[in-house]
Amino acid sequence: MSSIKPAPLFRQDRDQRFRHEEKPFEAMMYRFDDAARRLGLDPGLYSLLRHAERALIVSVPVARDNGQIEVYTGYRVVYNTARGPGKGGIRFHPDVTLDEVTALAAWMTWKCAVVNIPFGGAKGGVICDPSGMSPGELEKLTRRYTAGIMSFLGPDSDVPAPDVNTNERIMAWLMDTYSMHVRHTVTAITTGKPVVMGGSLGRREATGRGCMITTRSALKKLGMPTKGAKVCVQGFGNVGSISAMLMEEQGMKVIAVSDHTGGIYDKKGLNVKEMMEWTSKHRSLEGYKKGEKISNAELLVTDCDVLVPAALENQITADNAPLIKARVICEGANGPTSAAADSILDAKGIFVIPDILANAGGVTVSYFEWVQDRGGYFWDEDTVNQRLERIMERSFDEVAAMADAHEVSMRTASYMLAIDRVAEVHRLRGLYA
Ligand code: NAD
């Protein structure tokens, strides 16, 4: 008899880490249901849009550097392709679950519809801890996962991008693996690639730039001056640091920032560029000497005009929402506010720029990258930034007009606008067979 114990085929989802209000798919559907009800969405279309088109679970065997084989579980969910190819990032994280990937894929569907770009929504993830993996192991993981989800991928069917713990380097391996399979180079298979191999100028800054543009529009709508507006930013990675830098360039005063090591506060204003230099050398804010140390929990409830949660999901919940003092929240992260916190923030009169609008600058420039790859003609950075600005300002105005017309929050309005756009295309296309 063999002494090998049978292992479960796939690792179990770790859904128990979420309280009910924080389950990503539940949180997304709570908002979806509210918007669908207000739109009077036809029951058939309602159930169609409540389901992902397809989901794939793959096992990803990797020979580790020590010679042992480890088998990871990967997912790819294509939520909806009515308006165009599935679009959405791939994350490598120990806490990835199918529920989370499905919610993120649905969010991508609504996000692409809010900014009116011709994509559907998708998302992928692998349950792994990349911090404990060598570059060689990460490359093997990326290539084997890409091979596993090949049947979904294609520039006309499903186009990935980086997400948590994946980057340009990983997108280059993904693009190479796909290209080797189809026997020719296909740059448009992914976005967020290095610029030298078909990436777009301005992509790295695009999400933060979109946060800055929508925040500027929100302050204008509320009759608040941009100059001197006090800003707190949670998360100092790509989205948080670029948002802070561009808001500072607009004359706003960044008074607090944080990362996973904690936060720094200075009521007179921090020097964002200096802090970015620090984090690029030291990889975190730890050890930065200026300002006063605060915790992440304190940052969220600091007295300010604009709060930018740009780190993780579920940072603003029913527990801390009553304590938030910001006048505007710009959701740089995906899902930073739990559904239960929405009504508390509304009641307090806090103006929330919802994630599917606030952080849509990234996917908008991903769309530009895909267009440039397919056209084989590349734009200069000013052109990218001007076109991004036009789309973000127009989208903010369209969501705000919907909110005013229906007397609803910006979040509900953004879902209504998105669901209406996706539903309209389904109505026109009809059901196949
Ligand atoms: P990143 O990895 O570059 O940065 C994440 C930051 O969050 C880091 O500074 C990290 O230290 C910090 N962080 C981690 N745990 C924290 C904690 N417990 N408390 C406070 N800070 C913590 O990631 P990113 O690309 O900036 O993405 C951030 C969020 O924005 C994610 O939700 C992501 O899905 C979303 N987003 C990113 C993009 C994009 O283009 N990068 C686009 C849309 C949405």
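Participant: Looking at this structure, how should I read the layout of surface pockets?
Facilitator: Remark: the empty space left among the atoms is shown by a probe the size of a water molecule rolled over them. Space inside the second largest pocket adds up to approximately 400 Å³. Asp346, Val408, Ser409, Met410 and Thr412 are, among the 22 residues lining the second largest pocket, the residues nearest its centre. Those elements that provide at least two residues to the lining of the second largest pocket are helix H1 (24–39), helix H10 (339–347), strand E12 (351–353), helix H13 (381–406) and helix H14 (410–429). For the lining of the second largest pocket, the element with the most residues is H10, which contributes five residues. Its residues placed into classes, the lining of the second largest pocket shows 10 nonpolar, three polar and nine charged.

Participant: Explain the pairing of strand E1 (residues 54–63) here, please?
Facilitator: The side chains of a regular strand alternate, residue by residue, between the two faces of the sheet. Looking at chain direction, E1 and strand E2 (residues 69–80) are connected through 10 bridges and run antiparallel. When the sheet's bridge partners are listed, Val60 is paired in E2 with Tyr72. What sits between the antiparallel neighbours E1 and E2 is a turn of five residues, in which Gly67 has the positive phi angle 95°.

Participant: What is the right way to look at helix H7 (residues 238–249) in this model?
Facilitator: Every α-helix winds through 3.6 residues per turn, so residues three or four apart in the chain are directed the same way. Under the 1.5 Å per step criterion, the end-to-end length of H7 is 17 Å for 12 residues, consistent within 8% with the ideal 16 Å. With nine of 12 residues buried, H7 lies mostly within the body of the structure. For H7, the set of buried residues is Val239, Gly240, Ser241, Ile242, Ser243, Ala244, Met245, Leu246 and Met247. Of the surrounding elements, those touching the buried residues of H7 are helix H6 (203–221), strand E6 (230–234), strand E7 (253–259), helix H8 (272–282) and strand E10 (306–309). Gly251 sits one or two positions beyond H7 and adopts a positive phi of about 95°.

Participant: Help me out: how do you make sense of the side chain of Asn80 in this one?
Facilitator: Structurally, Asn80 can be placed in strand E2. At 2.8 Å, the side chain of Asn80 and the backbone nitrogen of Ala82 are in polar contact. In this view, Asn80 contacts Leu49, Glu53, Thr109, Gly120, Gly121, Val422 and His426; residues no more than four positions away in its chain are not counted.

Participant: I keep staring at the sheet that holds E1 and nothing clicks. Help me out?
Facilitator: What links the strands of a sheet is backbone hydrogen bonding, and the strands pair in either a parallel or an antiparallel sense. Pairing within the open sheet is mixed, and its five strands lie in the order E1-E2-E4-E3-E5. Edge strands, defined here as strands with exactly one partner in the open sheet, are E1 and strand E5 (158–162). Shown here is a sheet whose adjacent strand axes are inclined to one another by a mean of 25°, direction ignored. In this structure, strand E3 (residues 86–93) lies alongside strand E4 (residues 121–127), joined through four bridges in parallel fashion. Each bridged residue has a counterpart across the sheet, and for Phe92 the counterpart in E4 is Val126. Of the strands in this sheet, E1, E2, E3 and E4 touch helix H4 (residues 135–148), which is tilted by about 145° from E1.

Participant: Before we go on, may I ask you to explain unusual backbone geometry in this structure?
Facilitator: In most cases, non-glycine residues show a negative phi, while peptide bonds are predominantly trans. One non-glycine residue, Asn116, lies in positive phi territory at about 60°. With respect to the secondary-structure elements, Asn116 resides in the loop between helix H3 (98–114) and E4. The class for Asn116 is partly exposed, based on a relative accessible area of 38%. The phi dihedral of Arg183 is positive, around 70°, even though this residue is not glycine. Locating Arg183 in the fold gives a position in the loop between helix H5 (168–182) and H6.

Participant: It is not clear to me how the site of the ligand should be interpreted in this structure. Could you clarify?
Facilitator: Surveying the vicinity of the ligand reveals 20 residues, the closest of which are Thr207, Asn238, Val239, His260 and Asn334. Take Asn238: an N or O atom from its main chain is 2.9 Å from an oxygen atom of the ligand. Contacts to the ligand include Asn296, whose side-chain N or O atom sits 3.2 Å from a nitrogen atom. Coverage of the ligand by the protein chains reaches 75% of its 830 Å² of free accessible surface. Contributions of two or more residues to the shell around the ligand are made by H6 and H7. Its residues assigned to classes, the shell around the ligand shows six nonpolar, 10 polar and four charged.

Quick notes on the rules
- Residues numbered from 1 in each chain as written.
- Predicted model: local features only at pLDDT ≥ 70, side-chain atom pairs only at ≥ 80, totals over all residues.
- Heavy atoms only, no water.
- 1 Å grid on protein atoms, 1.4 Å probe; cavity = no way out; pocket = protein on both sides within 12 Å on 5 of 7 lines; lining within 4 Å.
- Points joined across faces, edges and corners; volume = space filled by probe spheres on them.
- Helix = DSSP H or I, 4+ residues; strand = E, 2+ residues; numbered from the N terminus.
- Nonpolar A, V, L, I, M, F, W, Y, C, P; charged D, E, K, R; others polar.
- Pairing = 2+ DSSP bridges.
- Expected span 1.5 Å × (residues − 1).
- Buried < 20%, exposed > 50% of the residue type's maximum accessible area, 1.4 Å probe, protein only.
- Contact = heavy atoms within 4.5 Å.
- Polar contact = N/O pair within 3.5 Å; in protein donor to acceptor, adjacent residues only side chain to side chain.
- Axes fitted to C-alpha atoms, helices over the stretch in contact; angles between N-to-C directions.
- Near = heavy atom within 4 Å.
- Areas by Shrake-Rupley, 256 points an atom, 1.4 Å probe, with all protein chains shown as cover.

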